[in-house]
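Residues per chain are reported as follows:
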Amino acid sequence: MTESVLDYMTRLGQAAREASRVLARASTAQKNRALLAAANALDAARAPLVEANERDLANGRASGLEPAMLDRLALTPARIDEMIEGLRQVAGLPDPIGEIRDMRFLPSGIQVGKMRVPLGVIGIIYESRPNVTIDAASLCLKSGNATILRGGSEAIHSNQAIARCIQQGLAAADLPAAAVQVVETTDRAAVGALITMPEFVDVIVPRGGKGLIERISRDAKVPVIKHLDGVCHVYIDAAADLDKAIRVADNAKTQRYSPCNAMETLLVHADIAPRVLPPLAAIYREKGVELRGCSRTRELLDGDVNEATEDDWYAEYNAPILAIRIVDSLERAIEHINRYGSQHTDAIVTENFTDARRFITEVDSSSVMVNASTRFADGFEYGLGAEIGISTDKLHARGPVGLEGLTSEKYVVFGDGHVRT
């Protein structure tokens, strides 16, 4: 690259701003045509995708990437299937753009309502997971937004291979190539430029480790949609069904260890702990999960349970490690979650409606669940087709951010020569 990073990113920003105006007026059929053509391109490019991903994985292993990062980086056949299905599902979703709601006549005679519109240009900064390239591109495209995607250097070959498929989709629908741009440089200065261009970028969405997100939140000059930690809890209530409790607590921890919606702390009511913890501990040990427990947990299990420290209650492990605490009441469970949690995803297992209702009312998280694994906190599982990320902020968007989270509203007013007196 002969031009400076700043000049390069400025050029991308200018092109994205121009493309956003084209996308804002694109028809639903045109956007869907691009999504479906990109899905077909991905399906036809499985071998090149795997080859590019293998280059990234080999480089990652050589540079000492942790197993959790390598897991996120891998493009397995199943994940390619998920990307293709995600594109097709987003194409099948209702288009929110142009929807007008709450039209009403006012005493002056004018009619006032709200129209849903794109945000404009969205910058996505993410690490490892190349499937984020498809999730972000598809949701931004369907919601009428241009996007600039800056993936991690560890996934550069995978992201470029995916980008080629997206470009085929855009071309098939006669949409500008700049509607979806993948940053080609791995220079970290590109991130600094992207987050400080309010004249070209309307929103930044960071997806990655806590250090990345803290830096973006601190230095960005444009609004940021983000979450910092995924300290997720499952609370097994005294009124829990034993089989449901074991199934949910097992899945929430062991279905996959690296995602931000995996359970990190298990809370168990003292009345049910003697019946539910021993079989759960056996399952965890069989799967190689390290257990760290409070003194009551260690006494009950009388086995290989390490002592949990204060730091363990705050920890997001992204690994086969689980903290366990026995509590005396629903109140104590809620207090623990609201003190140590990250307002991401928390679940209760109970057959008591009053306890369930109190839990979902008082736990201040972006997703709160009853008798379901925290692993469901995901845009695809919520029927959003995909997600741009998960927000634990309270303004604009919260929880998995899908199409509606990438839009705003403006007032529209209809009159018939009306003037204000």
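Above: the structure in question.
Quantities reported herein were computed from a predicted structural model and do not represent experimental measurements.

## Description of the overall build of the protein chain
Phase 1: Within the protein chain, the regular secondary structure consists of 15 helices and 16 strands.
Phase 2: Taken over the C-alpha trace, the protein chain has a radius of gyration of 24 Å; the compact-globule value for 421 residues is 22 Å, and the two agree within 12%.
Phase 3: If one aligns the C-alpha atoms of the protein chain with their principal axes, the spans along those axes are about 75 × 65 × 40 Å.
Phase 4: Here the protein chain holds 421 residues, and 54% of them are scored as buried.
Phase 5: For the protein chain, the share of sequence-separated contacts (at least 6 apart) that also reach a separation of at least 24 residues comes to 73%.
Phase 6: Counting every atom, the protein chain has about 18,500 Å² of accessible surface; 49% of that belongs to carbon and sulfur.
Phase 7: Here the protein chain contributes 47 positively and 57 negatively charged side chains, and the mean placements of these two sets differ by 4 Å.

## Some words on the sheet that holds strand S12 (residues 345-349)
Phase 1: Sheet architecture is open: seven strands sit in the order S10-S9-S11-S8-S7-S12-S13, paired in parallel fashion. Only two strands of the sheet have a single neighbouring strand rather than two, namely strand S10 (306-307) and strand S13 (367-370).
Phase 2: Here four bridges tie S12 to S13, and the two strands are oriented parallel to one another. The residue bridging Thr345 from the neighbouring strand is Ser367, located in S13.
Phase 3: Contacts from helix H11 (residues 273-286) reach strand S7 (232-236), strand S8 (263-269), strand S9 (290-293) and strand S11 (321-327), with the element oriented near 155° to S8.

## Remarks on empty space enclosed by the protein
Phase 1: Evaluation of the coordinates by the stated rule reveals two cavities of 30 Å³ or more.
Phase 2: Its boundaries defined by the atoms lining it, the largest cavity holds a volume of some 50 Å³.
Phase 3: What lines the largest cavity is simply Ala34, Leu35, Ala38, Leu87, Ile134, Ala137, Ser138, Leu141, Ile166, Gly169 and Leu170.
Phase 4: Listed by contribution, the elements that provide at least two residues to the lining of the largest cavity are helix H2 (28-44), helix H6 (131-142) and helix H7 (156-172).
Phase 5: Residues belonging to the lining of the largest cavity are distributed by class as follows: nine nonpolar, two polar and no charged.
Phase 6: As a volume, the second largest cavity reaches approximately 30 Å³.

## Description of the packing of helix H10 (residues 242-254) against H11
Phase 1: Between H10 and H11, the shortest axis-to-axis distance is 10 Å and the interhelical angle comes to 35°. The crossing of H10 and H11 is right-handed. Packed against H10, whose contacting residues are Leu242, Ala245, Ile246, Ala249, Asp250, Lys253 and Thr254, the element H11 presents Arg275, Val276, Pro279, Leu280, Ile283 and Tyr284 at the interface.
Phase 2: Taken together, the residues of the contact of H10 with H11 sort by class into nine nonpolar, one polar and three charged.

## Re a nonpolar patch on the surface
Phase 1: Together, Ile100, Met103 and Phe414 give the surface a local cluster of nonpolar side chains, amounting to about 250 Å² of exposed area.
Phase 2: On the secondary structure map, Met103 appears in strand S1 (residues 100-105).
Phase 3: Classification of Met103 as partly exposed rests on a relative accessible area of 30%.

## Overview of the sheet that holds strand S5 (residues 180-182)
Phase 1: Sheet architecture is open: four strands sit in the order S5-S4-S3-S6, paired in parallel fashion. Of all the strands in the sheet, just S5 and strand S6 (203-207) have a single pairing partner and so form its edges. Mean inter-strand twist for the sheet, computed between neighbouring axes without regard to direction, equals 15°.
Phase 2: As paired strands, strand S4 (residues 146-150) and S5 are joined by three bridges and run parallel to one another. Its bridge partner lying in S5, Leu149 is registered against Val182.
Phase 3: Across the sheet, helix H1 (residues 5-24) touches strand S3 (121-126), S4 and S5, and the angle it forms with S4 is around 150°.

## Quick look at the layout of surface pockets
Phase 1: Taken as a whole, the largest pocket spans an internal volume of roughly 750 Å³.
Phase 2: Contributing to the lining of the largest pocket are 27 residues, with Glu82, Asn131, Arg256, Arg375 and Asp378 lying nearest its centre.
Phase 3: Elements that contribute at least two residues to the lining of the largest pocket include exactly helix H5 (77-92) and H6.
Phase 4: Among the elements that take part in the lining of the largest pocket, H5 stands out by supplying five residues, more than any other.
Phase 5: Its residues placed into classes, the lining of the largest pocket shows nine nonpolar, seven polar and 11 charged.
Phase 6: Taken as a whole, the second largest pocket holds about 450 Å³ of empty space.
Phase 7: Lining the second largest pocket are 24 residues, and of these Arg72, Gly208, Gly209, Glu316 and Asn318 lie nearest its centre.
Phase 8: The greatest single-element share of the lining of the second largest pocket, amounting to three residues, is contributed by helix H4 (residues 67-73).
Phase 9: Residues that form the lining of the second largest pocket fall into these classes: eight nonpolar, seven polar and nine charged.

## Looking at the pattern of salt bridges
Phase 1: Across all of its chains, the model carries 27 salt bridges by this definition.
Phase 2: Residues Glu331 and Arg358 are paired through a salt bridge, measuring 2.6 Å at the closest nitrogen-oxygen approach. Placement of Glu331 in helix H14 (residues 330-340) and of Arg358 in helix H15 (residues 353-362) is noted, with a sequence separation of 27 residues between them.
Phase 3: Its relative accessible area of 30% is what places Arg358 among the partly exposed residues.
Phase 4: Members of the salt-bridge network, linked through shared partners, are Arg101, Asp102, Arg116, Glu404 and Glu409.

## Notes on the environment of Phe380
Phase 1: Structurally, Phe380 can be placed in the loop between S13 and strand S14 (390-391).
Phase 2: It is 19 Å that separates the C-alpha atoms of Phe380 and Val370, two residues lying 10 residues apart in sequence.

## Focus on the pairing of S4
Phase 1: Counting buried positions over the five residues of S4 gives five, a clear majority of the element.
Phase 2: Of the two faces of S4, the one holding Ala146, Ile148 and Arg150 and the one holding Thr147 and Leu149 are both buried throughout.
Phase 3: In the classification by handedness, the crossover that spans S3, the intervening H6 and the parallel S4 is right-handed.
Phase 4: The β-α-β motif built from S4, the intervening H7 and the parallel element S5 has right-handed crossover chirality.

Criteria and cut-off values
- Residues numbered from 1 in each chain as written.
- Predicted model: local features only at pLDDT ≥ 70, side-chain atom pairs only at ≥ 80, totals over all residues.
- Heavy atoms only, no water.
- Helix = DSSP H or I, 4+ residues; strand = E, 2+ residues; numbered from the N terminus.
- Rg over C-alpha atoms; globule rule 2.2 N^0.38 Å.
- Buried < 20%, exposed > 50% of the residue type's maximum accessible area, 1.4 Å probe, protein only.
- Contact = heavy atoms within 4.5 Å.
- Areas by Shrake-Rupley, 256 points an atom, 1.4 Å probe, with all protein chains shown as cover.
- Lys, Arg positive; Asp, Glu negative; His and termini not counted.
- Charge placed at Lys NZ, Arg CZ, Asp CG, Glu CD.
- Pairing = 2+ DSSP bridges.
- Axes fitted to C-alpha atoms, helices over the stretch in contact; angles between N-to-C directions.
- 1 Å grid on protein atoms, 1.4 Å probe; cavity = no way out; pocket = protein on both sides within 12 Å on 5 of 7 lines; lining within 4 Å.
- Points joined across faces, edges and corners; volume = space filled by probe spheres on them.
- Nonpolar A, V, L, I, M, F, W, Y, C, P; charged D, E, K, R; others polar.
- Left-handed = near helix turned anticlockwise from the far one by under 90°.
- Patch = residues over 30% accessible without salt bridge, like charges linked within 9 Å, V, L, I, M, F, W, Y side chains within 5 Å.
- Salt bridge = Lys/Arg side-chain N within 4 Å of Asp/Glu carboxyl O.
- Right-handed = clockwise from strand over helix to strand, strands pointing away.

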